[in-house]
Amino acid sequence: VPLDSVLRTGLFSMSKAVNAASWMKVIEDSKNDVPETELYGIHSFVYKARTPFHPARLAFFLNDHFFVRVEDEPMEVRKNDSEEAHRAYEVRQQVRQMRMKKKFGHILRSKGCMWLAGRDHLIGGWSHAGGVGDFSCLGFWMGFLPKNQWPAEGSKEYKRVMDLWQGPALQVRHTLLLSR
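Below, the structure is looked at part by part.

Bringing the packing of aromatic side chains into the picture now. With the rule as written, the count across this model stands at two aromatic pairs. Note on Tyr-47 and Phe-53: the rings are 6.1 Å apart at their centroids and 10° apart in plane angle, and the pair reads as stacked. With relative accessibility at 29%, the residue Tyr-47 sits in the partly exposed group.

Next up, the structure:
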């Protein structure tokens, strides 16, 4: 379909779309639906801890079970790599996924924040779907920021930070959600 026959035709009207009954019916009907967690048997587990992960052991675990993309790291397989390199990559991926499934069942998704020993001021971010995980730095834990960068005292955000605050480690912790 040529784009000029769809885009900027002047035929769309937000007021007509808002008042159309079909999208409202979908929302109303979905209120009686069985939740997808029940329908597909999805279960979740939240891991919380206030001791840091050992960086080398965490890296070994993640690389042993996932293809891990680290922020600013080049991709493992490049477009110019040989067909043999692509096949070897696929085999490594299958082995990792089988290892993960054997040990932990079929984990569909996991995400959250982590604390790495020796990097106490930084928040490690983890996100995974299928066999691919993404590890990145999400910024600084609140306790390591200057007070002028904190949320306003009395705000919801400030209350949330204070609720998480414990001991000398401030709000530093792990919170990871795993769904299977």
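What follows picks up the thread again.
What follows is about the pairing of strand S5 (residues 132–140). In this structure, strand S4 (residues 122–129) lies alongside S5, joined through eight bridges in antiparallel fashion. By the bridge assignment for S5, Gly-124 is matched with Cys-137. Counting the residues that bridge the hairpin from S4 to S5 gives two residues, and of these Gly-130 lies at a positive phi of roughly 65°.

Now for a nonpolar patch on the surface. Among the surface-exposed residues, Val-1, Leu-3, Val-6 and Leu-7 lie close enough to one another that they form a single nonpolar patch of about 460 Å² accessible area. Inspection of the secondary structure puts Val-1 in the segment before helix H1 (14–19).

Rules of the game
- Sequence positions are assigned chain by chain, starting from 1 and proceeding in written order.
- The predicted origin of the model limits local features to residues at a pLDDT of at least 70 and limits the giving and counting of side-chain atom pairs to 80 or more, whereas totals for whole chains, interfaces and linings rest on all residues.
- The side-chain figures draw on all heavy atoms in the structure; neither hydrogens nor water molecules are used.
- Two rings from Phe, Tyr or Trp (for Trp, the six-membered ring) form a pair when their centres sit within 6.5 Å of each other. Planes less than 30 degrees apart are called stacked, planes more than 60 degrees apart edge-to-face, and all others tilted.
- Partly exposed residues are those whose accessible area sits between 20% and 50% of the maximum for their type, while under 20% is buried and over 50% is exposed, using a 1.4 Å probe and protein chains only.
- Following DSSP output, two strands are said to pair if at least two bridges run between them.
- Comment: elements are numbered from the N terminus, with helices defined as DSSP H or I runs of at least four residues and strands as E runs of at least two.
- Patch membership requires more than 30% relative accessible area and the absence of a salt bridge. Residues of like charge join within 9 Å; the nonpolar side chains Val, Leu, Ile, Met, Phe, Trp and Tyr join within 5 Å.
- Methods summary: accessible areas were calculated by the Shrake-Rupley approach with a probe of 1.4 Å, and residue burial reflects only the protein chains presented.
- A side-chain nitrogen of Lys or Arg and a carboxyl oxygen of Asp or Glu constitute a salt bridge if their distance falls within 4 Å.

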